Amino acid sequence: MAMVAHPTFETTHLVRDSCLCLHVQRAARALARRFDDALRPVGLTNGQFSLLMSLNRAKPAGMTAVASLLAMDRTTLTAALKPLRRRGLVKVAPDSEDRRGRLMTLTLKGRKTLTRAVPIWRKTHAAVEALLRDGDGDRLRSNLRALS
């Protein structure tokens, strides 16, 4: 393969117009801003909302399972939990079966915050899906899962 000293301007346009990574990043940033703005009245970012929703389960959740679900490493998850713990929305406790592990649960305040946030999410999500040209959110989700 021949080395090119400098990419051509045409290559720049090719990447700008066709790079899936660029387009997914741009869409993700735009969606994040939209949901951040919508969830601001309940004091959550879109990432915090997703994290709280991932803890909305019958049994406490382990760090590895939640980190995997949210596609983040455990260090990032630990950092994301700090403001939620300070606000009393999440409790983190040692796992009684494995003291090295940590289990996370929503507090009553966390559940109440989610109760207020879900209608906002539903409305915002419906507005976002309405923007899809083919109106097929399931197809987009399927394609995004294939990439993740």
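Residues numbered from 1 in each chain as written. Predicted model: local features only at pLDDT ≥ 70, side-chain atom pairs only at ≥ 80, totals over all residues. Heavy atoms only, no water.

### A look at the sheet that holds strand E3 (residues 102-106)
Then, in step 1: Spatial strand order, E1-E3-E2: three strands in an open sheet with antiparallel pairing. Pairing within the sheet leaves two strands with one partner each, and these edge strands are strand E1 (61-62) and strand E2 (90-94).
Then, in step 2: As defined by bridge partners, E1 adjoins E3 across two bridges and the pair is classed as antiparallel. Bridge pairing in E3 places Gly 62 opposite Leu 103. (Pairing = 2+ DSSP bridges. Helix = DSSP H or I, 4+ residues; strand = E, 2+ residues; numbered from the N terminus.)

### Concerning unusual backbone geometry
Then, in step 1: With a phi close to 55 degrees, Ala 71 is a non-glycine residue in the positive phi region.
Then, in step 2: Along the chain, Ala 71 turns up in the loop between helix H4 (63-69) and helix H5 (74-86).
Then, in step 3: The exposed category is assigned to Ala 71, whose relative accessible area is 73%. (Buried < 20%, exposed > 50% of the residue type's maximum accessible area, 1.4 Å probe, protein only.)

### Comments concerning the nonpolar core
Buried together is how nonpolar side chains tend to be arranged in soluble globular proteins.
Then, in step 1: The biggest cluster of nonpolar side chains holds 21 residues, and the ones touching the most others in it are Leu 44, Leu 52, Leu 77, Leu 81, Val 90 and Met 104.
Then, in step 2: For this core, the secondary structure elements donating two or more residues are helix H3 (46-54), H4, H5, E2, E3 and helix H6 (108-130). (Core = buried A, V, L, I, M, F, W, Y, C linked by side-chain atoms within 4.5 Å.)

### Regarding the side chain of Thr 113
Then, in step 1: Counting through the fold element by element, Thr 113 comes out in helix H6.
Then, in step 2: Ignoring any residue separated from it by four or fewer positions in sequence, one finds Thr 113 in contact with Val 42, Leu 44 and Leu 89. (Contact = heavy atoms within 4.5 Å.)

### Digging into the confidence of the model for the protein chain
Then, in step 1: Of the residues in the protein chain, 97% have a pLDDT of 70 or more, and the chain-wide mean is 94.
Then, in step 2: At the low end of the mean pLDDT range in the protein chain sits helix H1 (residues 9-18), at 91; at the high end sits H3, at 98. (pLDDT = per-residue confidence, 0-100.)

### Here's the deal with H3
Think of an α-helix as turning once every 3.6 residues; residues three or four places apart then point the same way.
Then, in step 1: Turning to H3, its buried residues number three or more, namely Gln 48, Phe 49, Leu 51, Leu 52 and Ser 54.
Then, in step 2: Contacts made by the buried residues of H3 are with helix H2 (20-39), H4, H5, E2, E3 and H6.

### What about the pattern of salt bridges?
Close approach of charged atoms lets side chains of opposite charge pair.
Then, in step 1: Scanning the entire structure with this criterion turns up six salt bridges.
Then, in step 2: Two residues, Asp 98 and Arg 100, come together in a salt bridge whose shortest N-O distance is 3.1 Å.
Then, in step 3: Note on Asp 98: relative accessible area 31%, which makes it partly exposed.
Then, in step 4: A relative accessible area of 71% means that Arg 100 is categorised as exposed.
Then, in step 5: Notably, a salt bridge pairs Arg 139 with Asp 134, separated by 3.5 Å at the nearest N-O pair.
Then, in step 6: Overlapping salt bridges, with partners in common, bring together Glu 129, Asp 138 and Arg 141 in one network. (Salt bridge = Lys/Arg side-chain N within 4 Å of Asp/Glu carboxyl O.)

### A look at the packing of H1 against H2
Then, in step 1: It is at 6 Å that the axes of H1 and H2 come closest, and there the two elements cross at 50 degrees. In terms of axis orientation, H1 runs oblique to H2. Contact residues: H1 offers Val 15, Arg 16, Asp 17 and Ser 18, while H2 offers Leu 20, Leu 22 and His 23. (Axes fitted to C-alpha atoms, helices over the stretch in contact; angles between N-to-C directions. Parallel < 35°, antiparallel > 145°, perpendicular 65-115°, else oblique.)

### Some words on the side chain of Gln 48
Then, in step 1: Mapped onto the secondary structure, Gln 48 falls in helix H3.
Then, in step 2: Judged by relative accessible area, which is 15%, Gln 48 ranks as buried.
Then, in step 3: Within the local environment of Gln 48, its side chain forms a polar contact with the backbone nitrogen of Thr 45, the two atoms lying 3.0 Å apart.
Then, in step 4: When residues no more than four places from it in sequence are discounted, the contact partners of Gln 48 are Gly 43, Pro 83, Leu 84 and Arg 87. (Polar contact = N/O pair within 3.5 Å; in protein donor to acceptor, adjacent residues only side chain to side chain.)

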